[in-house]
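Fold and geometry: a report
Next come the chains, spelled out residue by residue.
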Amino acid sequence: MRNLHELIHAYQMGTATPQQIAELSRRIGEDESAAREAAEWMLMEADLAETLQSDESEASKGSPDHTAGLRFPASHLMKIAAAFLLVASIVTFFALSGKQHKPQTPELIGWIIQPTGNPDFEILNGNHVRLNRGELHVSPDRSDLSPEDTVPNLTIETPQAKAFARSAQFLIGTHIPTENTGVTHTMKRLTRVLILAGAVTLTSSLGSVEGATNELLTAKADAAPTKFTVQANSAFAFDLYKQLSRENKGRNLFFSPYSISTALAMAGEGARGKTAEEMGAVLRYPHAAGRIGKDAQRLPWRMSLIHTGLANLDRKLFNRSQDPEQLAMRKKLVTLRAQLNTLNAQIKATRDRKIQVKASTIAGEINAINKKLHGYEISLANALWGEQTYPFKKTYINTLNKHYRTGGVFAVDFRNNYAAARKQINDWSARRTGGRIKNVMPERRQEDAKDLSLVLTNAIFFKADWKQPFNKHHSRPRPFKLADGKTIKVRTMHAGGFSIGRYGAFNADGSFFNTPVRIKRGQQTGLYPDANGFSLIELPYQSDDISMVVIAPNRADGLDELEQTITAKKLNTWISRMKGRPFHVYLPGFKVESDYKLGDHNQGRPTGTLVSMGMKRAFMKPQNGNRAESSDFSGMSDSYDQIYLGLVKHKAFVEINEKGTEAAAVTVIEGPVAPTSGFPRPKPTMVPFTPTFNANRPFIFLVREKSTGTVLFLGRIMQPAAAN
Amino acid sequence: MTAKPMQTIDFPGLWVNAQPIVRSLILGAIRNLHDAEDILQEVARSAYTSFHRYDPSQPFNTWVMSIARRRIVDHLRSRKAPIAALDEKAIDSLIHAHEKLNDIALARRAALGQCIEELHDRGRTVLTRRYVDNHPVKDIAAELDTSAHAISVLLYKVKSRLAQCIKGKLVTTAEDAR
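Below is a summary of the structure that appears in this document. (Residues numbered from 1 in each chain as written. Chains lettered and ligands numbered in written order. Predicted model: local features only at pLDDT ≥ 70, side-chain atom pairs only at ≥ 80, totals over all residues. Heavy atoms only, no water.)

**Notes on the overall build of chain B**
Within chain B one finds eight helices and zero strands. For chain B, the succession of helices and strands along the chain, N to C, is α-α-α-α-α-α-α-α. With 178 residues in all, chain B has 54% of them scored as buried. Look at the contacts in chain B between residues 6 or more apart in sequence, and 61% of them connect residues 24 or more apart. (Helix = DSSP H or I, 4+ residues; strand = E, 2+ residues; numbered from the N terminus. Buried < 20%, exposed > 50% of the residue type's maximum accessible area, 1.4 Å probe, protein only. Contact = heavy atoms within 4.5 Å.)

**Section: the overall build of chain A**
Helix and strand counts for chain A stand at 16 helices and 27 strands. In chain A, buried positions account for 53% of the 724 residues. Put simply, 69% of the contacts in chain A that link residues at least 6 apart link residues at least 24 apart. With an accessible surface of roughly 32600 Å², chain A has 51% of that area assigned to carbon and sulfur atoms. (Areas by Shrake-Rupley, 256 points an atom, 1.4 Å probe, with all protein chains shown as cover.)

**Comments concerning unusual backbone geometry**
Negative phi is the rule for most residues except glycine; trans is the rule for most peptide bonds. Residue and element names in this part refer to chain A. Notably, S167 is not glycine yet its phi reads approximately 55°, a positive angle. Here S167 is to be found in strand β4 (residues 161–175). Judged by its relative accessible area of 40%, S167 is partly exposed.

**A word on the sheet that holds strand β13 (residues 487–498) of chain A**
All names here are of chain A. Read across the open sheet, the four strands follow the order β12-β13-β20-β25; overall the sheet is mixed. Every interior strand has two partners, whereas the edge strands, β12 (476–481) and β25 (692–694), have only one. Sheet twist, expressed as the mean angle between neighbouring strand axes with direction ignored, is 35°. Sheet topology note: the β13/strand β20 (residues 583–588) ladder contains five bridges and is antiparallel. Across the sheet, A495 pairs through a bridge with V585, a residue of β20. (Pairing = 2+ DSSP bridges. Axes fitted to C-alpha atoms, helices over the stretch in contact; angles between N-to-C directions.)

**Points about the sheet that holds strand β9 (residues 376–387) of chain A**
Residue and element names in this part refer to chain A. Pairing within the open sheet is mixed, and its six strands lie in the order β10-β9-β11-β23-β22-β21. With one partner strand each, in any of the chains shown, β10 (410–412) and β21 (590–600) form the two edges of the open sheet. Here the average twist between neighbouring strands, direction ignored, is 20°. Docked against the sheet, helix α12 (residues 418–432) engages β9, β10 and β11 (454–465), running at close to 165° with respect to β9.

**Some points on the state of the cysteines**
All names here are of chain B. Across all of its chains, the model carries one disulfide over all chains by this definition. The disulfide that involves C115 links it to C165, with 2.1 Å between the sulfurs. Of note, the bridge from C115 to C165 carries an S-S torsion of about -90° and is left-handed in sense. Note that C115 is positioned in helix α5 (residues 105–117) and C165 in helix α8 (residues 148–177), a separation of 50 residues in sequence. Just as C115 is buried, C165 falls in that class too. (Disulfide = S-S within 2.5 Å.)

**Description of the side chain of S631 of chain A**
Residues and elements named next belong to chain A. Relative to the helices and strands, S631 is located in the loop between α16 (609–612) and β22 (647–656). A distance of 3.0 Å separates a polar side-chain atom of S631 from the backbone oxygen of M620. Contact partners of S631, with chain neighbours within four places excluded, come to T275, R617, A618, M620, P622, I643 and Y644. (Polar contact = N/O pair within 3.5 Å; in protein donor to acceptor, adjacent residues only side chain to side chain.)

**What about the pattern of salt bridges?**
Residue and element names in this part refer to chain A. With the rule as written, the count across this model stands at 30 salt bridges over all chains. Here R284 makes a salt bridge to D239, at a shortest N to O gap of 2.6 Å. With R284 in the loop between α7 (273–282) and α8 (303–322) and D239 in helix α5 (residues 224–247), the pair connects residues that are 45 residues apart, well separated along the chain. Residue classification places R284 among the partly exposed residues on the basis of a relative accessible area of 38%. (Salt bridge = Lys/Arg side-chain N within 4 Å of Asp/Glu carboxyl O.)

**Looking at the interface of chain B and chain A**
Between chain B and chain A, the residue contacts involve 71 residues of the former and 71 residues of the latter. Summed over both sides, the interface between chain B and chain A buries roughly 6700 Å², with carbon and sulfur atoms accounting for 62% of that surface. The three residues of chain B that bury the most area against chain A are Q41, R109 and Y156 of chain B, which together make up 11% of that side's buried surface. At the boundary of chain B with chain A, the tally comes to six salt bridges. Between E40 of chain A and K167 of chain B there is a salt bridge; the shortest N-O distance is 3.8 Å. At the level of elements, α1 (5–30), α2 (33–49), α4 (88–101), α5, α6 (121–132), α7 (137–143) and α8 of chain B are the ones that each hand at least two residues to the side of chain B that touches chain A. (Buried area = accessible area lost by both parts, 1.4 Å probe.)

**Notes on the packing of aromatic side chains**
The relative placement of two aromatic rings is captured by the distance of their centres and the angle of their planes. Residues and elements named next belong to chain A. All told, the structure shown has 25 aromatic pairs over all chains when counted by the stated rule. Centroid distance W385 to W428: 5.9 Å. Interplanar angle 85°. Geometry classified as edge-to-face. On the criterion of sequence distance, the pair formed by W385 in strand β9 and W428 in helix α12 is long-range, its members being 43 residues apart. Of the aromatic side chains, those joined through ring pairs into one cluster are F254, F462, W466, F470, F498, Y503, Y541, F583, F590, F699, F701 and F713. Taking NZ or CZ as reference, R577 lies 4.5 Å from the ring centre of F512, over its face. (Phe/Tyr/Trp six-rings, centres within 6.5 Å; stacked < 30°, edge-to-face > 60°. Lys NZ or Arg CZ within 6 Å of the ring centre and 35° of its normal.)

**A closer look at the pairing of strand β27 (residues 711–717) of chain A**
Regular strands have side chains that alternate between both faces of the sheet. All names here are of chain A. With seven of its seven residues buried, β27 lies for the most part within the structure. Here strand β8 (residues 253–255) pairs with β27 via three bridges, running antiparallel. Considered in β27, the bridge of F255 is made with L714. Alignment of strand β26 (residues 699–705) against β27, held across six bridges, turns out to be antiparallel. Its bridge partner being in β27, V703 is matched across the sheet by F713.

Pasting the structure below:
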């Protein structure tokens, strides 16, 4: 039997090979005694956590009480439950009859609690329970209430969350998730509520989630919806990148995955059935966001989780920029700059000493304000443009407004005046992107626009200065090797001994390459990974929260292979391995404008990037009200004329130069030369080694919020503009 | 809700009794604790909502295990499950074996508690880190300044010892009871 235990152990640890698992299945399936051995082992495994925790609870508390770590047979548990009922009845009776009864320990009023397993819980008062560990079954008890009484609200508090219930029946538990962040060794738990009947609200530090019958709510202490959303967005970002890469071979790419995910989440709120399922799968919504129960077919995702996560991210990323004090300072800055420009022009003309003093004072004010500003601008805006005659569901509009601040619905007249509606939307887009994204809505004949009922828009704008700007005098045309082997010259920025970023080199298989800190004078080998490896650098912006990461393979034609293997998870690992050390950097400045048709109804034959990724049904037009094989956005409206997705478009703009990065700006950049120019060599035999990152070949770049890992912008440069 | 009031009170008591065995079965087959907890909740929900169809002449645990079986198989067939896992014949055998263990599940847990107290400190430490603190094996290895393989072997040896100890205590208890 020892071999069988080894197989089970390996299976449970996740180290068993497929052959071993097949062997284990065969033995358990064919031999009754092996099945019993396996079951005994599994039962022991399942009991280990509870038993060990019970022992620890008993040791720390000293004397056992009715909550901590006692193990009773089921019949005793039933007796405890019955005792609770009896005591609760007595307390309720005296409370209702107005007699002066003061129970020794608090009892619940209007509720029954039955422990499942071995929970550690405490009744704080008549409608407040603290659950430290384990699971409880909770149900209302009207037996001691008069018919006109309502069951009082109940609060159950766990270390991660609070559940508020009114007349609901549910199971609530705190459980240990499998993943461990690896950052600390603090025990991580999550709170789950399975609602059997009624409604429960689960609130954690990161938001509230409401649930109804048959829903499973989850709250984690450290992450809750935000982490799910970041993971989904990151995974989707790289799926989309790979698909766009396939569709645009050899061309520059640039897009904002964050913007696309947000807009599709707003549309997803109105999706039902298979349409919603496909959308969530392509958007990589996690398993934890999936619904269970008989409604799961119609509503496969807990969109409230996704919306809460995105809203939390918005607050974290964008609220700083919307801070009233910051906005006031920026406004003042614009005024002061205009004044300074005027004064400088006067100084040139008159050389008046008093004007010079005044200009100097204003310049001082500008510098002082700049120091207080966070050093970057970032904004996000969402809007819902609805045909004025179309009956949208109020719940849909309210949900979008609550989480995405759409401000309700902008009523437009698509059916009779598409041109005016188009202008309104295009003006809105241009205003929200500093004038960089224009004409996002295409021109159309009025006849072709008459069926248009809904347009969802998301606009994102980012502008930030480098924490360590590049010196313009060091930028010049330098060679850039294309993937096909040809070389062109591009304007390339250069910084020797860049000291505030991070650098990391990796082998072809993604393993870390230990770049030496010191080398022998004249050493040429072992400085970089081999030709199939790649390097990463991180360049911080003025803000500590956001940085640019650049990934360059060692071979000019190596980007294709890197793109096949890169995932959000691998990228996070590589980023975490980067080290802060000086490095030389050569980076082309560049500008990219892109325009992608991500999905198109195409007269019944859907095409586009999202369709290729599996989101086909959303673009299928219902025929004669038949939704069997077509889209279902019935969550948006009860109208018989159902909405489908006719077009999903994405326009993006980026400029990178010596000063920083802007989603809209234009700059020309030259190609790189040989490294170490101007960097002094020390005399000793062992000399410090400063690696060089030379992006003189196709590379990937992304703008990323560091604390959450949110990818705001993602792109690649295959061919920067040639220098004149 | 069509169930009689008495049945809604009965269900929690029956579920309280069945839950440890059902949990063990699901966790044993699924391995991933997060997924297993999801499935356990789903089984609880399904059992509750279809409780009016439960035939009291049949053991409750057998009935609820059949619900668990469907959920386990559905999960293993879904794309969310790992590729290699126990097959359906093995799961059926495990269900049968778990049903037979139901009557002594609580006695086994009590014996486990006693056996844990008899373990040496290092064994308890490793078990606590793995099953209470939920640390990965490599983190435990780093903490104890050894290799991940050594920790895996130690875990196996400790659990084997516990398994033998439990058997011994149950035999002793059975003999005392005669």
